[in-house]
Amino acid sequence: MKDRFGRTVNYLRISVIDRCNLRCHYCMPLHVKFFDPKDVLSFDEIITVVKVAQKLGIESVRITGGEPLVRPQLPKLIYRLKNECALKEIALTTNGMLLESLAQDLKEAGLDRINVSVDTLRPDRFRKITRFGDLQTVLYGLRRAIDVGLTPIKINAVILRGFNDDEIDDLFRLTLLERVTVRFLELMPIGEALSLNGMGGYLNLTQVKERLIKDYRLVPVQEKGNGPARYWKAPGAPGKLGFITPISDKYCATCSRIRLTANGEIRPCLAYDLHVNLREAIRRGDGEAIAAGILKALEIKPWGHHWEEGQITQTVMSSLGG
Ligand code: SAM
Ligand code: SF4
């Protein structure tokens with residue numbers, strides 16, 4: 001599938017739920033109006049969309065949320081995606097709070113890879129930024145995921161100036177010890193991130209990258225993945241370091257993704273509210289209308305965001321899945 005700018009789109013992010021057990025300050029308000037449960041796609045309906053999308057050219061999917069592990073019976077969806085949809089890869093992004101109990105089932109269901117979001121290694125800060133999170137629980141979840149073979153694991157850390165930027169080197173040092181990929185994310189001006197009172201702010205991570213390359217003699221490396229991150233590693237280290245820099249080093253020119261929201265919308269770009277609502281077509285099981293809707297989303301996919309010029313995006317990030 002190509003969009004009107006000639007970009008190949010072969011990657012679908014699937015949000016399976018807009019609810020979450022945390023409330024990270026940059027992502028989700030404390031009180032939020034969730035989708036009406038009757039509008040949330042069932043597993044059968046998600047499978048219907050993925051089968052159509054796969055025939056159109058989607059090769060890999062990522063399961064996201066809200067928090068995907070809050071969705072009851074999630075391993076059953078993974079199993080069906082693995083066995084019914086002819087995908088090259090199924091990955092998942094999670095906050096890790098429920099990972100310790102679910103890692104084994106997810107692996108057995110056929111999940112290929114996971115990303116776990118850990119912004120800080122300090123329990124007090126972790127609680128502060130996530131509002132309800134417990135760092136120890138997440139680290140035990142990570143440990144379990146490594147033990148059951150959901151590897152190599154990626155750790156996502158949103159870096160906020162004045163909040164956790166003093167932990168950049170400590171987070172990087174994890175790559176010297178374990179076969180993990182630590183990825184630093186620039187704050188995107190979406191939803192809650194627009195009003196981060198006292199919780200830090202945007203930090204230019206291209207400058208951080210340049211400093212780390214110099215200080216630790218990092219070399220560029222390839223890394224398996226469908227996303228926009230660029231990867232580096234310290235000589236001899238088992239792990240890698242990635243940077244997601246949508247603002248300081250824009251990557252829209254290579255965007256290969258579209259999104260399916262939990263209530264059945266196809267979103268062609270994270271930065272815009274633009275979408276094609278496919279819920280009714282999905283409910284009817286109308287493959288032709290679903291295919292037409294996906295192609296329509298490609299047709300209207302914008303060239304890219306303009307966040308670096310001050311554009312802001314109002315949608316709550318947790319309903320988009322990142
Ligand atoms: N709940 C899961 C999690 O936290 O990993 C999956 C959904 S979450 C929306 C996906 C990713 O988006 C997380 O790594 C999170 O840190 C990141 N994220 C959320 N809001 C963001 C923002 N304003 N800027 C940059 N990244 C953000
Ligand atoms: Fe929940 Fe993930 Fe958003 Fe945090 S980043 S509030 S864990 S959806």
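Given the structure is predicted, the values throughout are model-derived calculations rather than measurements.

Caption draft 1: Up close: the overall build of the protein chain. Per the secondary structure count, the protein chain includes nine helices and 12 strands. Here the C-alpha radius of gyration of the protein chain, 19 Å, is about what a compact globule of 322 residues would show, namely 20 Å. Overall, the protein chain is about 55 × 45 × 40 Å in size when its C-alpha atoms are taken along their principal axes. For the protein chain, the proportion of its 322 residues judged to be buried stands at 57%. Restricting the contact set of the protein chain to residue pairs at least 6 apart, pairs at least 24 apart contribute 74%.

Caption draft 2: Just the pairing of strand S2 (residues 60–64), in detail. In terms of residue burial, S2 counts as a mostly covered element, since five of its five residues are buried. One ladder, built from five bridges, connects strand S1 (residues 11–15) with S2; its direction is parallel. Across the sheet, the residue bridging to Ile14 is Ile63, located in S2. For the segment spanning S1, helix H1 (residues 43–56) and S2, crossover handedness is right-handed. In terms of strand pairing, S2 meets strand S3 (residues 89–94) through four bridges, oriented parallel.

Caption draft 3: Quick peek at the layout of surface pockets. In this model, the second largest pocket occupies a volume close to 220 Å³. Around the second largest pocket, the lining residues are Val118, Leu121, Leu139, Leu142, Arg143, Ile146, Ile155, Leu174, Leu177, Glu178 and Val180. Taken together, the elements giving at least two residues each to the lining of the second largest pocket come down to helix H5 (135–147) and helix H6 (168–177). Element by element, the count of residues in the lining of the second largest pocket is highest for H5, at four residues.

Caption draft 4: Structural view of H1. With 14 residues, H1 extends 20 Å between its outermost C-alpha atoms, agreeing within 8% with the 20 Å of an ideal straight helix rising 1.5 Å per residue. Three or more residues of H1 are buried, namely Phe43, Glu45, Ile46, Ile47, Val49, Val50, Val52 and Ala53. Contact partners of the buried residues in H1: S1, S2, helix H2 (74–84), strand S10 (257–260), helix H8 (279–284) and helix H9 (287–299). Phi turns positive one or two residues past the end of H1, at Gly57, with a value near 135°.

Caption draft 5: Focus on H5. Compared with an ideal rise of 1.5 Å per residue, which puts 13 residues at 18 Å, H5 spans 18 Å between its outermost C-alpha atoms and is within 8% of the ideal. Among all positions of H5, only Leu135, Val138, Gly141, Leu142 and Ala145 are buried. The arc that holds every buried residue of H5, seen down its axis, measures 120°, which confines them to one face. On its buried face, H5 is in contact with helix H3 (99–109), strand S4 (113–117), helix H4 (123–130) and strand S5 (154–159).

Caption draft 6: Spotlight on the nonpolar core. The biggest cluster of nonpolar side chains holds 85 residues, and the ones touching the most others in it are Tyr26 and Leu81. Among the elements that take part in this core, H1 stands out by supplying seven residues, more than any other. Residues Leu205, Leu212, Leu218 and Trp232 belong to the second largest nonpolar core, which totals 19 residues.

Caption draft 7: The site of ligand 1, seen in detail. Neighbouring ligand 1 are 19 residues; Gly66, Glu67, Thr93, Ser117 and Met188 lie closest to it. The separation between a nitrogen atom of ligand 1 and a polar main-chain atom of Tyr26 is 3.2 Å. A distance of 3.0 Å separates a nitrogen atom of ligand 1 from a polar backbone atom of Gly66. A total of 550 Å² of accessible area belongs to ligand 1 in isolation, and the protein chains cover 95% of it. When residues of the shell around ligand 1 are traced back to their parent elements, those giving at least two are S3, S5 and strand S6 (181–186). Of the residues in the shell around ligand 1, the class split is eight nonpolar, nine polar and two charged.

Caption draft 8: The packing of aromatic side chains, seen in detail. Under the criterion given, the structure shown has three aromatic pairs. With 5.4 Å between their ring centres and 70° between their planes, Phe5 and Trp303 make a pair best called edge-to-face. Separated by 298 residues along the polypeptide, Phe5 in the segment before S1 and Trp303 in the segment after H9 bring together distant segments of the chain. For Trp303, a relative accessible area of 40% corresponds to the partly exposed category. We note Arg125 situated over the ring of Phe163; from NZ or CZ to the ring centre the distance is 5.9 Å.

Basis of the calculations
- Residues numbered from 1 in each chain as written.
- Chains lettered and ligands numbered in written order.
- Predicted model: local features only at pLDDT ≥ 70, side-chain atom pairs only at ≥ 80, totals over all residues.
- Heavy atoms only, no water.
- Helix = DSSP H or I, 4+ residues; strand = E, 2+ residues; numbered from the N terminus.
- Rg over C-alpha atoms; globule rule 2.2 N^0.38 Å.
- Buried < 20%, exposed > 50% of the residue type's maximum accessible area, 1.4 Å probe, protein only.
- Contact = heavy atoms within 4.5 Å.
- Pairing = 2+ DSSP bridges.
- Right-handed = clockwise from strand over helix to strand, strands pointing away.
- 1 Å grid on protein atoms, 1.4 Å probe; cavity = no way out; pocket = protein on both sides within 12 Å on 5 of 7 lines; lining within 4 Å.
- Points joined across faces, edges and corners; volume = space filled by probe spheres on them.
- Expected span 1.5 Å × (residues − 1).
- Arc of directions from axis to C-beta.
- Core = buried A, V, L, I, M, F, W, Y, C linked by side-chain atoms within 4.5 Å.
- Near = heavy atom within 4 Å.
- Polar contact = N/O pair within 3.5 Å; in protein donor to acceptor, adjacent residues only side chain to side chain.
- Areas by Shrake-Rupley, 256 points an atom, 1.4 Å probe, with all protein chains shown as cover.
- Nonpolar A, V, L, I, M, F, W, Y, C, P; charged D, E, K, R; others polar.
- Phe/Tyr/Trp six-rings, centres within 6.5 Å; stacked < 30°, edge-to-face > 60°.
- Lys NZ or Arg CZ within 6 Å of the ring centre and 35° of its normal.

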